[in-house]
Amino acid sequence: MENDQNESEILNTYFTNGAEVEVSSDEEGFRGAWYEGTVIRPISKKLRRNDDEDDKKLRVLVEYKTLMADKKGTRRLQETLSLVQLRPRPPRERRRRFNVSEEVDAYHNEGWWEGVVMEVLGGSGGRRYSVFFRGTRDQLDFDESQLRTHREWANGKWTPPLEQGEEEEDEDEVEETLASTDIKPSNGAAENFSEGSLVEVSSDEEGFEGAWFAATVVKLLDNGNYLIEYQNLRNDDDTAFLQEEADRLYVRPRPPDIGSVKSFKVLEKVDALYNDGWWVGVVSKVLKGQRYRVHFRGNNEELEFKHADLRLHLDWINGKWVTASQALKL
């Protein structure tokens, strides 16, 4: 009952009728994208006699602002979504300049996609940026007006928060034209690790998106990537730990030990230990006995975990480990 009250409080605080929100997509090929929408109303579901109380979920009917339900574009798409697929609209700030290696959201194909600035470009039409997307390994060019600071929302807070002195501005129409779709390699947005460094490595292979695996740097390769050895993954004949080349853009430092967390809350972003890796998810239900249900947006799955198999999610942004409430300078 305590968890249901928590979900109801979240619904009544952030997702009331008419609230402007952003929706994450569960469809393949759209992971990492957020689409703007408006809450129409909550949807109540009555439990049937054989339903498990733990399966009860609060759902919300949302109308998209840019996605249409018909080919003619006369009706906006509406969907019934769970709370873990929603977040409030991020704060709007004045247009600003971005730096190489900075985490940004880029407006593309009607949604906002998380990426990393690889290069600052010139041009007579204004400042442009080349942005790399880890999920698709694409690198595209964007106008300054098509980018915004990347922010994570958890526990009712945005990280990074809107800085003091930044003033919100009215929402402008965002241009959708991209000047180029060419992939441009760059070494500007990655860390430098020495031999023996303890790191985590992400994968872009199908079925492994969103997972981070513990590894050790064996050596730096001539092309700027790393030869790494996994700490938990074995080779095919199970004779040694797996070694492979890792793109330097997919390698980050090992997250710091920030101490144990007493408990996790609904909609809190966590990493869950599963199949020898840490998978980014969102707590969708708090169960008895310090167990949790975690929703994974990448594949729209929900699994149950013990408290010991979860850790607080941290993001490595601009050389800092960032939580929902603070930035850890390391």
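About the thresholds
Residues numbered from 1 in each chain as written. Predicted model: local features only at pLDDT ≥ 70, side-chain atom pairs only at ≥ 80, totals over all residues. Heavy atoms only, no water. Helix = DSSP H or I, 4+ residues; strand = E, 2+ residues; numbered from the N terminus. Buried < 20%, exposed > 50% of the residue type's maximum accessible area, 1.4 Å probe, protein only. Contact = heavy atoms within 4.5 Å. Areas by Shrake-Rupley, 256 points an atom, 1.4 Å probe, with all protein chains shown as cover. pLDDT = per-residue confidence, 0-100. Polar contact = N/O pair within 3.5 Å; in protein donor to acceptor, adjacent residues only side chain to side chain. Pairing = 2+ DSSP bridges. Salt bridge = Lys/Arg side-chain N within 4 Å of Asp/Glu carboxyl O.

The helix and strand tally for the protein stands at 1 helix and 25 strands. Expressed as a percentage of the 330 residues in the protein, the buried residues total 43%. Taking the contacts inside the protein whose residues are at least 6 apart along the sequence as the reference set, 53% of them involve residues at least 24 apart. For the protein, the exposed area adds up to about 18400 Å²; of that, 44% sits on carbon and sulfur atoms.

Bringing the confidence of the model for the protein into the picture now. When the pLDDT values of the protein are averaged, the result is 80; 81% of them are 70 or greater. Predicted confidence for residues 326-330 stays below pLDDT 50, and this span has 12 contacts to residues more than four positions away or in other chains.

Where the residue is not glycine, phi is negative for most of them; where a peptide bond is considered, it is trans in most cases. With an omega of -5°, the peptide bond running from Thr159 to Pro160 counts as cis. By secondary structure assignment, the location of Pro160 is in the loop between strand E12 (157-159) and strand E13 (198-202). Look at Ser101: it is not a glycine, yet its phi comes out positive at around 80°. Structurally, Ser101 is set in the loop between strand E5 (86-88) and strand E6 (103-108).

Moving on, we get to the environment of Thr216. Here Thr216 lies in strand E14 (residues 211-220). Counting along the chain gives 14 residues from Thr216 to Tyr230, while the straight-line C-alpha distance between them is 6.4 Å. Contact partners of Thr216, with chain neighbours within four places excluded, come to Gly196, Ser197, Leu198, Val199, Leu227, Ile228, Glu229 and Gln231. Within the structure, the side chain of Thr216 is placed 3.2 Å from the side chain of Gln231, a separation counted as a polar contact.

Tracing the backbone shows Arg87 in strand E5. Once you skip the residues sitting within four places of it in the chain, Arg87 turns out to touch Phe15, Val21, Glu22, Trp34, Asp105, Arg148, Arg151, Trp153 and Trp158.

Here strand E1 (residues 20-24) runs beside strand E2 (residues 33-43); their pairing, made up of 5 bridges, is antiparallel. When the bridges of E2 are listed, Ser24 appears paired with Trp34. With 6 bridges connecting them, E2 and strand E3 (residues 59-68) associate as antiparallel partners. Note on E3: the bridge partner recorded for Thr38 is Glu63.

This part is about the pattern of salt bridges. Applying the stated criterion across every chain yields a total of 15 salt bridges. Note that Asp238 is salt-bridged to Arg234, the shortest N-O span being 2.9 Å. A relative accessible area of 37% places Arg234 in the partly exposed class. A salt bridge links Asp271 to Arg311; the shortest N-O distance between them is 2.9 Å. Of this pair, Asp271 sits in strand E18 (residues 269-274) while Arg311 sits in strand E22 (residues 310-312), placing them 40 residues apart in sequence. You can call Arg311 buried: its relative accessible area is 18%.

So, about the pairing of E18. As paired strands, E18 and strand E19 (residues 277-287) are joined by 6 bridges and run antiparallel to one another. Its bridge partner lying in E19, Val270 is registered against Gly281. Connecting E18 to the antiparallel partner E19 that follows it, the hairpin turn spans 2 residues, and Asn275 within it adopts a positive phi of roughly 50°. The pairing of E18 with E22 spans 3 bridges and is classified as antiparallel. The residue bridging Ala272 from the neighbouring strand is Leu310, located in E22.

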